[in-house]
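# Structural features, examined
The primary structure of each chain is shown beneath.
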Amino acid sequence: KAERIKLSQKDEGLIGKRVKVFGRIHRIRVQKAATFLEIKDGYGKLQCILPAGDLTRNHDALLFAQETALAVYGLLKRVPEGAEAPDGRELHVDYFEVVGGAPSDLEAFSNKVSKDQDPWEASMLDNRHLVLRGDNASAVMKLREAIELAFVDSYREMEFTKVSPPAMVQTQVEGGSTLFGFPYYGEEAYLTQSSQLYLETVIQSLGNVYCIEKSFRAEKSLTRRHLSEYTHVEAEMDFIEFDDLLEHIEELICRVVDKVLANPTSAAYLKLLNPGFQKPSRPFMRMRYADAIDWLNAQEEPILNEEGKPHVFGDDIAEAAERKMTDIINRPIFLTHFPVEIKAFYMQKDPKDLRVTESVDVLMPGVGEIVGGSMRMFDYEELIEAYKKNDIGHEPYYWYTEQRKYGTSPHGGYGLGLERFIAWIANQHTVRTCSLYPRFMGRAKP
Ligand code: 4AD
Ligand code: MG
């Protein structure tokens, strides 16, 4: 007689009972008197003790290779004083069955996979399905789920309605150069770069809205923070001013962090991945783009632009410069008021300085930009002008433009890259380890 349990069941009442657990071998330690197996079942870990003797006599080491799937039976006990084991308990195994064997060549991928392992290495990427068996990779995925739910909970608390815009579209949002096109019943269509335009068309009926959907970008370079397919947390707010937008983004990020820390399970995963994590202090630093340009040039060793020259107003602050900046300042930054020329067509101009937009990037230490947002151009004629200036044929956008005809309003929103948020909070070197099966230039498998 044995009660089947999952390793998330931690009630004291189980101590002293005979239980059955399905799991896989995570670690093996063979001693004279006993074999110690640490097994995992996706919910937790359990130390299993198999006394030397009848139980193990006829089994060679291969039987106990890492990742072997087992059913183990035995008495669950508290570990003796001074000994350590997951949840302070151990299973004194009296019987086991091998459910699925495993060859003994997996070690390179699972337990040993750590933050230090090179995620660019082709074999690591080809074997992502095995890498995911490791402690770190699975912790990132568990944490990722907690973060996603924390976003959902936060939005619910703030009265945002969740919607699900289409992934197959016929308009661009963030420039034609990163569009993935495909044939669509004899027409051309694209994988969406952002759901923003669709969100903008439903605030009128639903109020503030958000979505957590995939976005796709044909990024033609390999960097630590670019994926071809990523999870995009986007929201749109009606009847707001630029400052409201900034305040909301700060509140959202802090709420999500608080929720992750308040939940003991997600807090433990976060601690494992990023023991030094400190919740950011409020208010976040606010810096205008023009001041950032001055700041870059004013460093003892000036931070140069992509051509190796000092930055001038109008330059993109490229990834390398941005990273240096966030590393030096070492706290979240709202970088605001980017020049019109380097930003998307839909961004509202700052009424006090028409050279710049009411736009914001949120920069985080270690990652750089994790959020991009802005107020939206809400005047019909101005938007038509903006299409022209950006060489965008406005016909396919009629449904977007018409929002400005039927009760237009000052509104704004943002998009947050979930993998970048995770890279920040979990101290990951690249967004690749924050995605289940990352896609980027040259890789669409496994
Ligand atoms: O700054 P982006 O391009 O802004 C937009 O797409 C807006 N339309 C969003 C909106 O206002 N609703 O992208 C927003 C965020 C970036 O800050 C970054 O975190 C993430 O999306 N992102 C990527 N993440 C991973 N790989 C990529 N290739 C990404 N491109 C953008
Ligand atoms: Mg951006």
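Worth saying up front: this structure is predicted, and the values here are computed from it rather than measured.

The rules behind the values
- Residues numbered from 1 in each chain as written.
- Chains lettered and ligands numbered in written order.
- Predicted model: local features only at pLDDT ≥ 70, side-chain atom pairs only at ≥ 80, totals over all residues.
- Domains from an automatic or database assignment.
- Near = placed C-beta within 6 Å.
- Helix = DSSP H or I, 4+ residues; strand = E, 2+ residues; numbered from the N terminus.
- Nonpolar A, V, L, I, M, F, W, Y, C, P; charged D, E, K, R; others polar.
- UniProt positions renumbered as here; feature names shortened; annotations may be inferred.
- Axes fitted to C-alpha atoms, helices over the stretch in contact; angles between N-to-C directions.
- Parallel < 35°, antiparallel > 145°, perpendicular 65-115°, else oblique.
- Left-handed = near helix turned anticlockwise from the far one by under 90°.
- Contact = placed C-beta atoms within 7 Å.
- Buried ≥ 20, exposed ≤ 12 C-beta atoms within 10 Å, placed from the backbone.
- Pairing = 2+ DSSP bridges.

## Quick word on the domain arrangement of the protein
- Segmentation of the protein into domains returns domain 1 (3-100) and domain 2 (130-434).
- Taking only C-alpha atoms, the centre of domain 1 and the centre of domain 2 are 46 Å apart.

## Describing the site of ligand 1
- Around ligand 1 lies a shell of 24 residues, among which Ser194, Gln196, Gly372, Gly415 and Gly417 are the nearest.
- Within the residue set of the shell around ligand 1, elements represented by two or more residues are strand 12 (229-238), strand 18 (368-375), strand 19 (411-417) and helix 13 (418-425).
- Across the shell around ligand 1, the residue classes tally to 8 nonpolar, 9 polar and 7 charged.

## Examining the UniProt feature "domain: Aminoacyl-transfer RNA synthetases class-II family profile" (unreviewed entry) in the protein
- Taking the UniProt record as the reference, the feature "domain: Aminoacyl-transfer RNA synthetases class-II family profile" (unreviewed entry) is found at residues 141-438.
- Taken end to end, residues 141-438 is 34% helix and 23% strand, and its first and last C-alpha atoms sit 12 Å apart.

## Here we look at the packing of helix 4 (residues 135-157) against helix 8 (residues 264-273)
- Look at helix 4 against helix 8: their axes get within 9 Å of each other, and the N-to-C directions meet at 135 degrees. It follows that helix 4 is oblique to helix 8 by the angle criterion. Remark: the crossing between helix 4 and helix 8 carries left-handed chirality. Seen from helix 4, the contacting residues are Asn136, Ala139, Val140, Lys142, Leu143 and Ala146; seen from helix 8, they are Ser266, Tyr269, Leu270, Leu272 and Leu273.
- In terms of residue class, the contact of helix 4 with helix 8 is built from 8 nonpolar, 2 polar and 1 charged.

## Considering the pairing of strand 14 (residues 333-336)
- Neither face of strand 14 is left uncovered, since the one carrying Ile333 and Leu335 and the one carrying Phe334 and Thr336 both have all their residues buried.
- Examined bridge by bridge, strand 13 (residues 285-288) and strand 14 share 4 bridges and lie parallel to one another. Across the sheet, arginine 288 pairs through a bridge with threonine 336, a residue of strand 14.
- As defined by bridge partners, strand 14 adjoins strand 17 (residues 359-364) across 4 bridges and the pair is classed as antiparallel. Following the sheet pairing, leucine 335 is matched in strand 17 by aspartate 361.

## Focus: the packing of helix 4 against helix 7 (residues 242-262)
- Close contact between helix 4 and helix 7 brings their axes to 9 Å; oriented N to C, the two are set at 125 degrees. The orientation of helix 4 with respect to helix 7, classified from their angle, is oblique. The two elements helix 4 and helix 7 cross, and the hand of that crossing is right-handed. Of helix 7, the residues touching helix 4 (which contributes Ala146, Ile147, Ala150, Phe151, Asp153 and Ser154) are Leu252, Arg255, Val256, Lys259 and Val260.
- Looking at the contact of helix 4 with helix 7 residue by residue, the classes come out as 7 nonpolar, 1 polar and 3 charged.

## Some thoughts on the environment of isoleucine 342
- Mapped onto the elements, isoleucine 342 comes out in the loop between strand 14 and strand 15 (349-350).
- The partly exposed category is assigned to isoleucine 342, around which 13 C-beta atoms lie within 10 Å.
- For the pair formed by isoleucine 342 and aspartate 244, sequence separation is 98 residues and the distance between their alpha carbons is 23 Å.
- Among all residues touching isoleucine 342, those that are not within four sequence positions of it are Gly314 and Asp316.

## With respect to helix 13
- With 8 of 8 residues buried, helix 13 is to be regarded as a mostly interior element.
- Next to the buried residues of helix 13 lie helix 4, strand 12, helix 8, strand 17, strand 18 and strand 19.
- Just downstream of helix 13, asparagine 427 is the residue with a positive phi angle, here 55 degrees.

## Description of the environment of methionine 364
- Mapped onto the elements, methionine 364 comes out in strand 17.
- Distance in space between the C-alpha atoms of methionine 364 and proline 396 is 36 Å, their sequence separation being 32 residues.
- Each residue touching methionine 364, except ones within four places of it in the same chain, is listed here: Thr326, Pro332, Ile370 and Trp424.

## Some remarks on the sheet that holds strand 8 (residues 168-169)
- In space, the 3 strands of this open sheet follow the order 8-10-9, with antiparallel pairing throughout. On the outer flanks of this sheet lie strand 8 and strand 9 (180-184), each paired with one strand and no other.

## Thoughts on unusual backbone geometry
- Residue arginine 282 is joined to proline 283 through a cis peptide bond whose omega torsion reads -5 degrees.
- Considering the arrangement of structural elements, one finds proline 283 in the loop between helix 8 and strand 13.
- Residue glutamate 159 is not a glycine yet carries a positive backbone phi of 65 degrees.
- Note on placement: glutamate 159 falls in the loop between helix 4 and strand 7 (161-162).
- With a phi close to 55 degrees, asparagine 427 is a non-glycine residue in the positive phi region.
- Along the chain, asparagine 427 falls in the segment after helix 13.

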